Amino acid sequence: TLMESSATLEWKYPMRPSTVRGTPAHLSANGNRDRFSYPSQQYAVLREVKNLRNGFLYFQGHSQTVTAVQCSPQGDRVLSADELGSVYVWHADHPTLMVSWEFQGSSGPIHDIAFNDEGDRAAFVGEAVGGKVGKAVNLNLKKVDNELTGHPSRAPALAFKANRPYKVYTCSEDNSMNVYAAPPQVTLLKSLKPHKGFVNCVRVSPDHKTLVSCSADKSVVIHSVDTDEVLKHIENAH
């Protein structure tokens, strides 16, 4: 005879972030900082900060390893990209995680994604392919605004100065950071070299006043977003 079980499910464990040796793995958050996201194998994972045990969902539209996930500031729209450069725009608040746009963003892996403050434009970067490391896109019109050029090597991260006038900052393994006016026309304004090694990450502060960059040379540099000048240079920071 079959015995009835008294076991009950208390929680599920979400997948952990997947990493690749020598490649930064970025976690991202929405504007309210109540959800964060990351790639895990072929899934884009979205988790609730206040409910880590059970407050999570995952998008499984990718057929390849997911390499970047980013929430919009509003939290409803999510971009995820994979190692073959496929990009999906999907809706976290829809019961089926409905996809509103799927397109080929690059022929190589995409490493980072950023939104503007209105959540209607985004940019992403990755491997250097044919002199291009990324693109800026209009999500409402479902079109590419411009391609990001100016780095001969892989770009592991970017940041969006999300309020007007928009700027996009990229960093690269050519030891440089690029500053673009953006969008709809993405124009390279200047190239900066505040570090002596690979620049691994750039992020704009929530108040849009400062930019932080970090490097393989163990330094962290704080910049003014208005002038792009260095405000503080911290050696051996990590």
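This one's a predicted model, so the numbers in the text were calculated from it and none came from an experiment.

(A) Fine view of the environment of L52. With respect to the helices, strands and loops of the structure, L52 is situated in the loop between β3 (43-48) and β4 (56-59). With 38 residues separating them along the chain, L52 and P14 place their C-alpha atoms 8.5 Å apart. Among residues more than four places away in sequence, those in contact with L52 are P14, F36 and R47.

(B) Region of interest: the sheet that holds strand β18 (residues 210-215). The strand order β17-β18-β19-β20 describes an open sheet built from 4 strands, whose pairing is antiparallel. The strands lining the two open edges of the sheet, one partner per strand, are β17 (199-204) and β20 (230-234). The average undirected angle you get between the axes of adjacent strands in this sheet is 15°. The pairing of strand β19 (residues 220-224) with β20 spans 4 bridges and is antiparallel. Opposite V220, over in β20, you have I234 as the bridge partner.

(C) Looking closely at the environment of E48. Structurally, the position occupied by E48 is in strand β3. A relative accessible area of 35% places E48 in the partly exposed class. Once residues within four sequence positions are removed from consideration, E48 is found in contact with D34, R35 and G55.

(D) Region of the structure containing the layout of surface pockets. Of the voids in this model, the largest pocket is the one considered here, and its volume is about 530 Å³. For the lining of the largest pocket, the leading source of residues is strand β9 (residues 110-115), giving 4 residues. Across the lining of the largest pocket, the residue classes break down as 13 nonpolar, 8 polar and 4 charged. Every residue lining the second largest pocket is counted, 16 residues in all, and those nearest its centre are T19, V20, T23, V66 and T67.

(E) Summary view of the pairing of strand β11 (residues 132-138). Judged by how many residues are buried, β11 sits mostly within the fold: 6 of 7 residues are covered. Of the strand pairs in this sheet, strand β10 (residues 121-129) and β11 are connected by 6 bridges, and their pairing is antiparallel. Counted as the bridge partner of F124 is K135 from β11. Between β10 and β11, which pair antiparallel and follow one another directly, the connecting turn spans 2 residues, one of which, G130, has a positive phi of 60°. Relative to strand β12 (residues 143-149), β11 runs antiparallel, the two being bridged by 6 bridges.

What counts and what doesn't
- Residues numbered from 1 in each chain as written.
- Predicted model: local features only at pLDDT ≥ 70, side-chain atom pairs only at ≥ 80, totals over all residues.
- Heavy atoms only, no water.
- Helix = DSSP H or I, 4+ residues; strand = E, 2+ residues; numbered from the N terminus.
- Contact = heavy atoms within 4.5 Å.
- Pairing = 2+ DSSP bridges.
- Axes fitted to C-alpha atoms, helices over the stretch in contact; angles between N-to-C directions.
- Buried < 20%, exposed > 50% of the residue type's maximum accessible area, 1.4 Å probe, protein only.
- 1 Å grid on protein atoms, 1.4 Å probe; cavity = no way out; pocket = protein on both sides within 12 Å on 5 of 7 lines; lining within 4 Å.
- Points joined across faces, edges and corners; volume = space filled by probe spheres on them.
- Nonpolar A, V, L, I, M, F, W, Y, C, P; charged D, E, K, R; others polar.

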